[in-house]
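Read off the chains here:
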Amino acid sequence: MKLTLTVIKADIGSVGGHVAPSLHLLETVKTYIGKRAPGLVLDHYISHTGDDIAILMTHTLGENDAQIHQLAWDAFRAGTDAARQEGLYGAGQDLLKDSFSGNVKGMGPAVAEMEIDERTSEPFLFFAADKTDPGAFNLPLYLAFADPMNTPGLILSPKMSLGYRFVIMDVSNTAGDRIIELNAPDDLYDIAALLRDPERFVVESIWSRATGEQAVAVATSRLHNIAGKYTGKDDPVMLVRVQMNFPATGEILAPYAIGHFVGGGMRGSHQVPIMPVALNTGISYFDGPPIVSCAGFCSHNGHLTEPVDNFAHPFWDRVRSHVADKAIEIRRQGFSGAAMLPMNELEYTGIAEKLAGLDKLFRIREAKAELQKV
Ligand code: F6R
Ligand code: MG
Ligand code: MG
């Protein structure tokens, strides 16, 4: 059957800073969806990663469907009312517009969705990351879909050896979706040249070249491009189909053992390693570290199994302590050099204002006159 997987997420308020939603807030969103979903969605799953709540839905209405987007928007509105009543911090933070206009894209919430021909068994992964931006998925996706050093399936499986098509978006272009399509392995160096700049070039989707099927959908919205000012990091969600013509679950998960440095953390302005965590984990050290969770499902006629919590496995305990060591190490150099993001990615305006003030105080030394004074 034709099935649409849609995940829509938003930060609509949290407890004790930008840490995690309250139980009451989560319950409010769950109850709202539980009441309104029947007849519209086939199944759903609601979870949080850091301060973001994600609503995963299966349905047959296709991508960008107004009713599905409206359902999520209204659930987040109901949640925002509950968050305001409880006095949660940042209540309604990601709902940037007052009225719904048919599609939540460009209104604050992040969206990843794909319409698929559901396989007899449809295993897929739902990733959610907090305190970082969608470029955080660039490296793991490159390794999983284009590098046989990570993914033996690229050389072992005849179905995978034709490679994958990467659709990459230039997220700095605010006028419209500026995209490029490149094939792995043919265009490998071009793909790498773009993905090395994860704040600007972001993988939006990946497709099997053998069958034309979509494997990956990433939420690519940049909040500050929508709002015109900082409203929090973009905290992306991603859907990845696995097995058969696609990489195996383990090939998709393996790159997260690196704990690569991503843009985010405190005030969305630093380079901090990303930590794979269990579902429904909050935020702590240095408003981070940036975290990523992964729920695995099988769908059958749109009905979801319970999730497997892929990063809860004991293997990832060792990775987590390694990431914690990396985070502490880079934080030892504070504001200096590579620890902070470049000027155009700083999410607060304080430094720019300071530098503008100091700029007026700079002067060109007149070498001769100065020397005579000595
Ligand atoms: C980063 C983030 C936090 C806040 C920080 C200050 O994405 O959400 O690091 O930037 O806690 O928050 P405000 O400005 O709300 O006091
Ligand atoms: Mg968040
Ligand atoms: Mg937030």
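Here, every reference points to the structure presented above.
A. Up close: the site of ligand 1. Neighbouring ligand 1 are eleven residues; His18, Tyr89, Arg267, Asp287 and Tyr348 lie closest to it. Within the side chain of Tyr89, an N or O atom sits 2.7 Å from an oxygen atom of ligand 1. Side-chain polar atom of Tyr348 to an oxygen atom of ligand 1: 2.7 Å apart, as the coordinates give it. For ligand 1, whose free accessible area comes to 410 Å², the fraction covered by protein is 79%. Residues that form the shell around ligand 1 fall into these classes: four nonpolar, three polar and four charged.

B. Focus on the coordination of the magnesium ion (ligand 3). Bound to the magnesium ion (ligand 3) on the protein side are Asp11 (OD) and Asp51 (OD), at distances that span 2.1 to 2.3 Å. In this model, the magnesium ion (ligand 3) sits 3.2 Å from the magnesium ion (ligand 2), the two metals being bridged by Asp51. Taken together, the residues Asp11 in the loop between β1 (2-10) and α1 (23-36) and Asp51 in the loop between β2 (43-49) and β3 (52-59) connect sequence positions 40 residues apart. For the pair Asp11 and Asp51, one class covers both residues: buried.

C. Region of the structure containing the sheet that holds strand β4 (residues 110-117). Spatially, four strands are ordered β2-β3-β1-β4 in an open sheet, and the strand pairing comes out antiparallel. Each end of this open sheet is capped by a strand with a single partner; those strands are β2 and β4. Shown here is a sheet whose adjacent strand axes are inclined to one another by a mean of 15 degrees, direction ignored. Direction of pairing for β1 relative to β3: antiparallel, over a ladder of seven bridges. Bridging across to β3, Leu5 finds its partner in Thr58. In this fold α1 packs onto β2 and β3, with an angle of close to 165 degrees to the strand it touches most, β2. Running at roughly 150 degrees to β3, helix α2 (residues 66-86) makes contact with β1, β3 and β4 of the sheet.

What counts, and at which threshold
- Residues numbered from 1 in each chain as written.
- Chains lettered and ligands numbered in written order.
- Predicted model: local features only at pLDDT ≥ 70, side-chain atom pairs only at ≥ 80, totals over all residues.
- Heavy atoms only, no water.
- Near = heavy atom within 4 Å.
- Polar contact = N/O pair within 3.5 Å; in protein donor to acceptor, adjacent residues only side chain to side chain.
- Areas by Shrake-Rupley, 256 points an atom, 1.4 Å probe, with all protein chains shown as cover.
- Nonpolar A, V, L, I, M, F, W, Y, C, P; charged D, E, K, R; others polar.
- Donors = N, O, S within 2.8 Å, 3.2 Å for Na, K, Ca; no water.
- Helix = DSSP H or I, 4+ residues; strand = E, 2+ residues; numbered from the N terminus.
- Buried < 20%, exposed > 50% of the residue type's maximum accessible area, 1.4 Å probe, protein only.
- Pairing = 2+ DSSP bridges.
- Axes fitted to C-alpha atoms, helices over the stretch in contact; angles between N-to-C directions.
- Contact = heavy atoms within 4.5 Å.

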